Structures are given as C-alpha cells and as structure tokens.
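One-letter residues, chain by chain:
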Amino acid sequence: MIDPRTLREDPEGVRASQRARGEDEGVVDKLLGFDSRRRSAIASADKLRAEQKSVSKLVPKAPPEEKAELLTRAKELSAQVKAAEVEQNEASEEFDQLFRTVANLVHPDAPIGGEDDFTVLKTVGEPRKFDFTPLDHLELMEGLGAVDMERGAKVSGSRFYFLSGVGAQLQLGLLNMAIAQALENGFTPMITPSLVRPEIMAGTGFLGAHASEVYRLRDDDLYLVGTSEVPLAGFHSDEILDLGDGARRYAGWSSCYRREAGSYGKDTRGIIRVHQFDKVEMFVYTKPEDAEAEHARLLGWEEQMLAKIDVPYRVIDTATGDLGTSAHRKFDCEAWVPTQETYRELTSTSNCTTFQARRLSVRYRGENGKPQIAATLNGTLATTRWIVAIMENHQQPDGSVLVPEALRPFVGGREVLEPVKKR
C-alpha cells in the first residue's frame, strides 16, 4: 500500500494518480473522512482514559459521602472509553479495507492512458524480410515435433500443451541461459513454491482488479502463482534486512499459472497466451532511494538476454492505466512476431517502490538504525513465450529453425532444428 502520510500530506497527488490510472479518485475523500474519524476517536479515548485514571485514583482517598459519586463517574467513564474504542476500531477497519484498494502512485513520467497509450522508448533491430511465406510458430513447432496442443487439450483442456523433443530442450535451454546470466550479475537462483497463502498473494497486489486471473484452491486456502515474484516478495515478509552491502537480488525459476479470464478468443492459437508456462524472474529488495537506478539495471539485463536470441524488439514505457496495482512504473520489451506483423511482450520490469514491502512488512535498518520500509522490483529474464519469437524470426524455407548462437550451448550444441516425421 502507499504511505498513509502521503494520503494526509498530498491528497491531490493521490487523486492525480487515481485519475491517471482511470480509477476512482473519490476514494481519497472517503479515506480522509475515515482517517479523521479514527484520529478523533483515538484522541477522545485517550482523553477519557486519562480522566478515568484520575477519578480512579481519587476513590480510595475520598470521604464515604463522595466515594459513591466517584465510583459512578468511574463506571460512566469506563463505558465511554469502550464506546470510543469501538468507534476507533470500526473507523480503522473501514480505513484499512478501503486503503488496500488504492493502487501504487504512478511515476510522473509514465505516459497517461490505457493499454494502447504506451510510449516507445527505443527499437532494436529490423524486422526480417522473408523471400518465402513464413509459417507461424505453431506450424513450425508442430513440424519440428516440439509441441502437442491436441493432447494438451485432451489431458488438461484448452490452452494447455505438451512441449516435447526440441520444444522441451528450447525451454530448458532458455531458462538455464537466464539463470547463468543472473548468476553472472550477482543474483541468487531460487526454485520457488507454486502455491502461496492468501496474505502473500494479497501482499503483492494480485488480488485487486486482476483477482479473476488467479487460480485459487479453496479447500486448502492457497493460490497458484502467476509469477515467482509472488513467493519471492513473501520470502522476506515480516523481516528486517541488512542492505548495507547493497540490494538483495534473486532469480526465481517457477511454473506459472494464469486463468486468462476475460481473454476468450484472444491469442488462442499456439503458446502465446496459455494457462501454464515456465519463467525465470528477477526480484530485488533495495533501499527506496536506489529503486529507480535498479529499475534501469533490470531493463538492461532483460535487453542483454534479448540480444542473445537475436530478434528485433522494442522497449515501451507502459501507460498508467496498464501498470497493474503494484507498479509505480513499468517497462516492457516486445519482440517482433513476423506472421502477426506486430510486437508482442517478452519481458516486463516493474518498480513497485515500497508498495509491496509495506503490505508484507519487509524492512531494513536505515543509517539511524531505525527500521525503514524497503522497495521491491521485478523483471522477466525468460519465459516459454520466447520460443514463439525464436521460431518465427529464425525459420528457414524448409521449416527448419536456426538456433541463436548464444543459446546453442544450452540445447546440446544444436545449430539447426530440423523438421521430423509425424509419429
């Protein structure tokens, strides 16, 4: 959540952020009302307690004729204290529930608008001009024996699949290449849980507007994660970190699950938008004043990975209405997909400032030794979807696919993926 002091000291700033996100700015006035009511109840309760304590001290020393009146007054004050505490608790609960619905404040430089209002920051590489009609990734993968959508649907339903043969090798190779790069840059590799408790999922901000995207196991009161960002954000919950030597950086390898609610009929072909995929995600805990510089580093590491698969891509500054609850600012890297003649997201990196850490009580000791709220950031290093960009951009006229040179050591030295006969 945002800092409550920001709400009190700069309510117009919170209103402006809500407007930029396309969300209700009226929530600010409601919160200020609850906060005023709560603070008034606290002051009233404190005043009544002080009076009650004063009266109670007089009772033992009072003359018999005054003692009864003092006891009556003490009882009245006790009842008034309880009523003030009830008022305080009710106002606090109403404030807290509403306050948790307020998204992170947006970065002042983030473009305002919805999904299509992003700003292109840079474009790298030129889309390839084919002298043959290119196949889409699904046709290529089926020709290579790399995927089986039909049996995936038979076993698990629509938008599930089997990666097989070179398809499985490609995914494992990509993720291992991502882990290798993460290690080179000081990240600690992590294999994370796929199931988390409700308080961890809520703490990361994924149970707000996009709660319908999350799989829930109601019998166990657990959630399937859509990214290892979630368990990694919870890894240091309720802890005080030592950030004296710099940021804590983790690279989480996990299977990810998304319901894709509301996207029926959209990208249903192939493996672009599916219910399960694998990913390596960078996650960082740092001091708030270092978060913006760390965000730039995460983007740089994502671009370093994209260079290794040699595909044209662009970097976009995501618009405020498409940031998600926790992000202050988000940069996406989108690769060119030839058969769609458009760019599709391969990586995303978000600066979540202190939003998640405040919810999950992740702190560090400042220079004065007092605990301070940490900042968190995340960024993609590789996912199953990267196979789409590799297939389409590196295909040959005969349906074979060249393996990017940097990836070859991670797929057994293969230089070319050749079509196979169907079995």
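Fair warning: this is a prediction, and the values are worked out from it, not measured in the lab.

A. View of the sheet that holds strand S14 (residues 362–365). One open sheet holds the three strands; their spatial order is S8-S14-S15, and the pairing between them is mixed. A strand with exactly one partner marks an edge of an open sheet, and here the two such strands are strand S8 (239–241) and strand S15 (371–373). On average, each strand axis in the sheet is tilted by 45° relative to the strand beside it, whichever way the strands run. Two strands pair when backbone bridges link them, and S14 and S15 are joined in this way by three bridges, in the antiparallel orientation. Opposite Arg-365, over in S15, you have Pro-371 as the bridge partner.

B. Summary view of helix H7 (residues 166–184). Taking 1.5 Å per residue, 19 residues should reach 27 Å; H7 reaches 26 Å between its end C-alpha atoms and fits that length. Those residues of H7 not exposed but buried are Val-166, Gly-167, Leu-170, Gln-171, Gly-173, Leu-174, Leu-175, Met-177, Ala-178, Ile-179, Gln-181 and Ala-182. Looking one or two places after H7, you find Gly-186, whose phi comes out positive at around 85°.

C. View of the pattern of salt bridges. Applying the stated criterion across every chain, the model contains 25 salt bridges. Across the pair Arg-37 and Glu-94 runs a salt bridge whose closest N-O atoms are separated by 2.6 Å. Here the residue Arg-37 occupies a position in helix H3 (residues 26–58), and Glu-94 occupies one in helix H4 (residues 64–99), the gap between them amounting to 57 residues. Its salt-bridge partner being Arg-249, residue Glu-294 comes within 2.7 Å of it at the nearest N-O pair. Placement of the pair is Glu-294 in helix H10 (residues 291–309) and Arg-249 in strand S9 (residues 248–257), with a sequence separation of 45 residues. Via salt bridges that share partners, Glu-12, Arg-15, Arg-19, Glu-25 and Asp-29 belong to a single interconnected network.

Rules of the game
- Residues numbered from 1 in each chain as written.
- Predicted model: local features only at pLDDT ≥ 70, side-chain atom pairs only at ≥ 80, totals over all residues.
- Heavy atoms only, no water.
- Pairing = 2+ DSSP bridges.
- Helix = DSSP H or I, 4+ residues; strand = E, 2+ residues; numbered from the N terminus.
- Axes fitted to C-alpha atoms, helices over the stretch in contact; angles between N-to-C directions.
- Expected span 1.5 Å × (residues − 1).
- Buried < 20%, exposed > 50% of the residue type's maximum accessible area, 1.4 Å probe, protein only.
- Salt bridge = Lys/Arg side-chain N within 4 Å of Asp/Glu carboxyl O.

Purely geometric stuff here, so don't read any function into it on its own.
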